[in-house]
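# Architecture and fold: a report
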Amino acid sequence: MCIRDRIRGAVSGVTFDQFHKRSTEVIQSAVFGKEKEFLIKTNNLLITSVDIQGFEPVEASTRESLEMSIKLAIDISSKAQEDKAKHEAEQAEQRAKGEREKQAIDDQAEAEKKRIELFKLEAESASVETTGKAIAIAKAKAEAAEINGKAELEQAQLHVSAIQIKQKEELEILKKRYEAEENHSKAMMELEIDTQKELAKIEAAKFKKTIESLGKDTLVSMAKAGPATQAKLLSGLGMKGYM
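Treat the numbers as computed from the prediction; the structure is a model and nothing was measured.

Calculation notes
- Each chain carries its own residue numbering, running from 1 in the direction its sequence is written.
- Restriction of local features to residues with pLDDT of at least 70 applies here, the model being predicted, together with a cutoff of 80 or more for giving and counting side-chain atom pairs; totals for whole chains, interfaces and linings are based on all residues.
- Only hydrogens and water are removed before side-chain values are computed, so all heavy atoms of the structure are retained for them.
- The secondary structure listing takes helices from DSSP runs of H or I that are at least 4 residues long and strands from runs of E that are at least 2 residues long, numbered from the N terminus.
- The cut-offs for exposure are 20% and 50% of the maximum accessible area for each residue type, with area from a 1.4 Å probe on protein chains only; residues under the lower value are buried, those over the upper are exposed, and the others partly exposed.
- Pairs of residues are marked as contacts when any of their non-hydrogen atoms sit within 4.5 Å.
- Here, Shrake-Rupley sampling with a 1.4 Å probe gives the accessible areas, and only protein chains in the shown set may cover a residue.
- What pLDDT conveys is the predictor's confidence in a given residue, as a value from 0 to 100.
- Throughout, nonpolar core names a set of buried Ala, Val, Leu, Ile, Met, Phe, Trp, Tyr and Cys residues whose side chains join them through atoms within 4.5 Å.
- In what follows, salt bridge is the name for a side-chain nitrogen of Lys or Arg lying within 4 Å of a carboxyl oxygen of Asp or Glu.
- Helix axes are fitted to C-alpha atoms over the stretch in contact, other axes to C-alpha atoms as well, and angles between N-to-C directions run from 0 to 180 degrees.
- Note that the term roughly parallel is reserved for angles under 35 degrees, roughly antiparallel for angles over 145, roughly perpendicular for angles of 65 to 115, and oblique for everything else.
- For any helix crossing, the convention is left-handed if the near helix is rotated counterclockwise from the far helix by under a right angle, and right-handed if that rotation is clockwise.
- Here the term charged refers only to Asp, Glu, Lys and Arg, the term nonpolar to Ala, Val, Leu, Ile, Met, Phe, Trp, Tyr, Cys and Pro, and the term polar to all other amino acids, Gly among them.

### Re the overall build of the protein chain
Helix and strand counts for the protein chain come out as 7 helices and 2 strands. Ordered by position in the sequence, the α and β elements of the protein chain form the string α-α-α-β-β-α-α-α-α. A buried classification covers 22% of the 243 residues belonging to the protein chain. Sequence separation of at least 24 residues holds for 61% of the intrachain contacts in the protein chain that already meet a minimum separation of 6. For the protein chain, the accessible surface area stands at approximately 17,700 Å², while carbon and sulfur atoms represent 56% of it.

Structure (structure tokens):
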């Protein structure tokens, strides 16, 4: 049996998905079998190595399905990376925004504390220079300022808490949206891969059924026929893609 027939026989015995994943192993096993070399006795040509440079389905529909599957996998991967980068950027922006607002509130609270301290110092200074009435007024003013300051500080702290809660909710929403988009992308990719596998199975079953219907004698005759005769026979059987 010539090398071409060995390869055809081996390839016809595996599915397209199996051949796509381990084509080198299938071809080398078909040529050498369990040996490390193959001798063509008609011209004493000794073959010791077989290298697979590439392969391409002859059938246009199979080739288009393969190209579409590869392109879809690349598109889904690129979209997932783009969504991930966008999600991380949105999270970073939310965190930075929250930090800026918190810092502004902290600065405001610190300024209020200093203002309260200033009022206290003014009150103490007034107590030395003025009468008891002036002291009472200054103290009342300081107490009022302290009360107002505490109220504003509490309000600022409540505002910070509200911002943190809102930020946490927004980050959670972004996270869930990203997870949903990622799950959808994975589901679409798996669906496309399953579809391509089913198409490959159908093609393999069709090929197997055709080979079985021909019978052993017909196959032997075809194997002994020349390339031109084989091409005509295969074309007449609707198996042009397997030449």
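### Some details on the confidence of the model for the protein chain
With 82% of its residues at a pLDDT of 70 or more, the protein chain shows a mean pLDDT of 81. Mean pLDDT in the protein chain bottoms out at helix α7 (residues 227-236), which sits at 64, and peaks at helix α5 (residues 132-214), which reaches 87.

### Overview of the nonpolar core
Val14, Phe19, Val26, Ile27, Val31, Phe32, Phe38, Ile47 and Val50 together form the largest nonpolar core, which totals 9 residues. Considering every element that reaches this core, the biggest residue donor is helix α3 (residues 23-32), with 4 residues. Discounting chain neighbours no more than four positions away, the residues touching valine 14 are Phe19 and Arg22. Of all hydrophobic cores here, the second largest spans 6 residues; its members include Ala123, Ala126, Ala138 and Ala142.

### Looking at α3
When we look at burial in α3, the residues that qualify are Ser23, Val26, Ile27, Ala30, Val31 and Phe32. Positioned one or two residues after α3, glycine 33 has a phi angle of 65°, which is positive.

### Remarks on the environment of asparagine 183
Checked against the element boundaries, asparagine 183 lands in helix α5. Separated by 103 residues in the primary sequence, asparagine 183 and alanine 80 have C-alpha atoms spaced 9.7 Å apart.

### A look at the pattern of salt bridges
Counted by the stated rule, this structure contains 8 salt bridges. Lysine 79 is paired through a salt bridge with aspartate 83; the nearest N and O atoms lie 2.8 Å apart. One end of the pair, lysine 79, and the other, aspartate 83, are both in helix α4 (residues 60-129), 4 residues apart, so they sit about a helical turn from each other. A relative accessible area of 39% places lysine 79 in the partly exposed class. The class for aspartate 83 is buried, based on a relative accessible area of 11%. Among the ionic pairs, glutamate 93 bridges to arginine 100, the shortest N-O distance being 3.7 Å. Judged by its relative accessible area of 45%, glutamate 93 is partly exposed.

### Some words on unusual backbone geometry
Of note, asparagine 44 is a non-glycine position whose phi angle comes to about 60°, a positive value. Along the chain, asparagine 44 turns up in the loop between β1 (38-40) and β2 (45-47).

### A word on the packing of helix α1 (residues 3-12) against α3
Between two packed helices, both the angle of their axes relative to each other and the distance between the axes serve to describe the pair. Two elements in contact, α1 and α3, have axes separated by 8 Å at closest approach and are oriented at 130°. When the axis of α1 is compared with that of α3, the two are oblique. In this structure, α1 crosses over α3, and the sense of that crossing is right-handed. Counted together, Ile3, Arg6, Ile7, Ala10 and Val11 of α1 and Val26, Ile27, Ala30 and Val31 of α3 form the full contact between these two elements. Here the residues of the contact of α1 with α3 are counted per class, giving 8 nonpolar, no polar and 1 charged.

### Quick word on the side chain of glutamine 167
For glutamine 167, the position within the fold is in helix α5. Using a relative accessible area of 15% as the deciding quantity, one classes glutamine 167 as buried. In this structure, glutamine 167 is in contact with Gln94, Arg95 and Gly98, ignoring residues within four places of it in sequence.

### Focus on the environment of phenylalanine 119
If you trace the backbone, phenylalanine 119 turns up in helix α4. Since its relative accessible area comes to 17%, phenylalanine 119 is described here as buried. C-alpha of phenylalanine 119 to C-alpha of lysine 141: the two residues are 22 residues apart in sequence and 7.6 Å apart in space. Setting aside residues up to four positions removed in sequence, phenylalanine 119 forms contacts with Lys141, Ala142 and Ala145.

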